[in-house]
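Here are the chains, one letter per residue:
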Amino acid sequence: MSYPDWTDVLDIGLPILDDQHKQLLAVADDLLNAIARDEGEAALKDTFERLKAYTRYHFKEEEAYMTRIGYPGQSEHSAEHVLLLIRVNTLWRLIESGQIVSPKGISLFINDWIVEHIMHKDAMIGEYARALRQP
Ligand SMILES: [Fe+2]
């Protein structure tokens with residue numbers, strides 16, 4: 001997976017959140033590249049911390065957006081964010097312990113972790129927001 005792999009299926013129709021999703025995938029791509037180039041643990045950890053920090057920032061922003069529009073599925077969605085943050089920490093443990101070493105392994109994990117969430121859960125926020133704008 002890489003940033004240019006962004007496709008319309010990931011577009012939830014809300015430019016602010018779409019831009020953040022692109023940024024999130026770009027940081028995830030940096031992590032894949034750091035692994036592919038075998039840049040060493042310090043560089044890897046640095047990139048990983050950026051991924052974690054951006055994920056936290058993005059989830060906060062998305063949660064604030066859900067509050068603003070009164071999204072009815074907010075508590076369930078926020079609970080999934082908590083699980084995703086736990087999973088990103090698990091990813092680091094798997095990398096650190098050498099259980100996931102290939103970019104392919106990371107790519108599969110990230111695909112499951114970010115892409116699935118955007119396509120299936122974040123897309124519902126976009127649908128709700130669009131319905132609100134209907135006359
Ligand atoms: Fe989300």
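Residues numbered from 1 in each chain as written. Predicted model: local features only at pLDDT ≥ 70, side-chain atom pairs only at ≥ 80, totals over all residues. Heavy atoms only, no water.

As recorded in an unreviewed UniProt entry, the protein goes by Hemerythrin-like metal-binding protein and comes from Pseudodesulfovibrio aespoeensis. Reading the Sequence similarities (unreviewed entry) entry of the UniProt record for the protein gives the comment "Belongs to the hemerythrin family." (UniProt positions renumbered as here; feature names shortened; annotations may be inferred.)

Turning to the overall build of the protein, a few remarks are in order. Along the protein, the regular secondary structure elements total 4 helices and 0 strands. Helices (α) and strands (β) of the protein occur, in sequence order from the N terminus, as α-α-α-α. A compact globule built from 135 residues should have a C-alpha radius of gyration of about 14 Å, and the protein, at 16 Å, falls within 12% of that. Its C-alpha atoms give the protein principal-axis dimensions of roughly 55 × 30 × 20 Å. (Helix = DSSP H or I, 4+ residues; strand = E, 2+ residues; numbered from the N terminus. Rg over C-alpha atoms; globule rule 2.2 N^0.38 Å.)

With 22 residues, helix α1 (residues 15-36) extends 31 Å from end C-alpha to end C-alpha; this agrees with the ideal 32 Å at 1.5 Å per step. Phi turns positive, to about 55 degrees, at D38, one or two residues after α1. (Expected span 1.5 Å × (residues − 1).)

This paragraph deals with the coordination of the iron ion. In this structure, E62 (OE), H77 (NE2), H81 (NE2), H117 (NE2) and D122 (OD) serve as the protein donors to the iron ion, at separations of 1.8 to 2.3 Å. Sequence spacing among the residues donating to the iron ion works out to E-x14-H-x3-H-x35-H-x4-D. On the criterion of sequence distance, the pair formed by H77 in helix α3 (residues 74-96) and H117 in helix α4 (residues 103-133) is long-range, its members being 40 residues apart. Just as H77 is buried, H117 falls in that class too. (Donors = N, O, S within 2.8 Å, 3.2 Å for Na, K, Ca; no water. Buried < 20%, exposed > 50% of the residue type's maximum accessible area, 1.4 Å probe, protein only.)

This part is about the nonpolar core. Core analysis: the largest hydrophobic core is formed by 37 residues, its most contacted members being L31, L51, L91, I95, I106, I110 and I114. Per-element tally for this core: the top contributor is α4, with 10 residues. Among all residues touching L51, those that are not within four sequence positions of it are L24, V27, A28, L31, V88 and W113. (Core = buried A, V, L, I, M, F, W, Y, C linked by side-chain atoms within 4.5 Å. Contact = heavy atoms within 4.5 Å.)

Let's shift gears to a nonpolar patch on the surface. A cluster of nonpolar residues, V82, L83 and I86, forms a patch on the protein surface that exposes about 280 Å² of accessible area. By the element assignment, L83 lies in helix α3. (Patch = residues over 30% accessible without salt bridge, like charges linked within 9 Å, V, L, I, M, F, W, Y side chains within 5 Å. Areas by Shrake-Rupley, 256 points an atom, 1.4 Å probe, with all protein chains shown as cover. Salt bridge = Lys/Arg side-chain N within 4 Å of Asp/Glu carboxyl O.)

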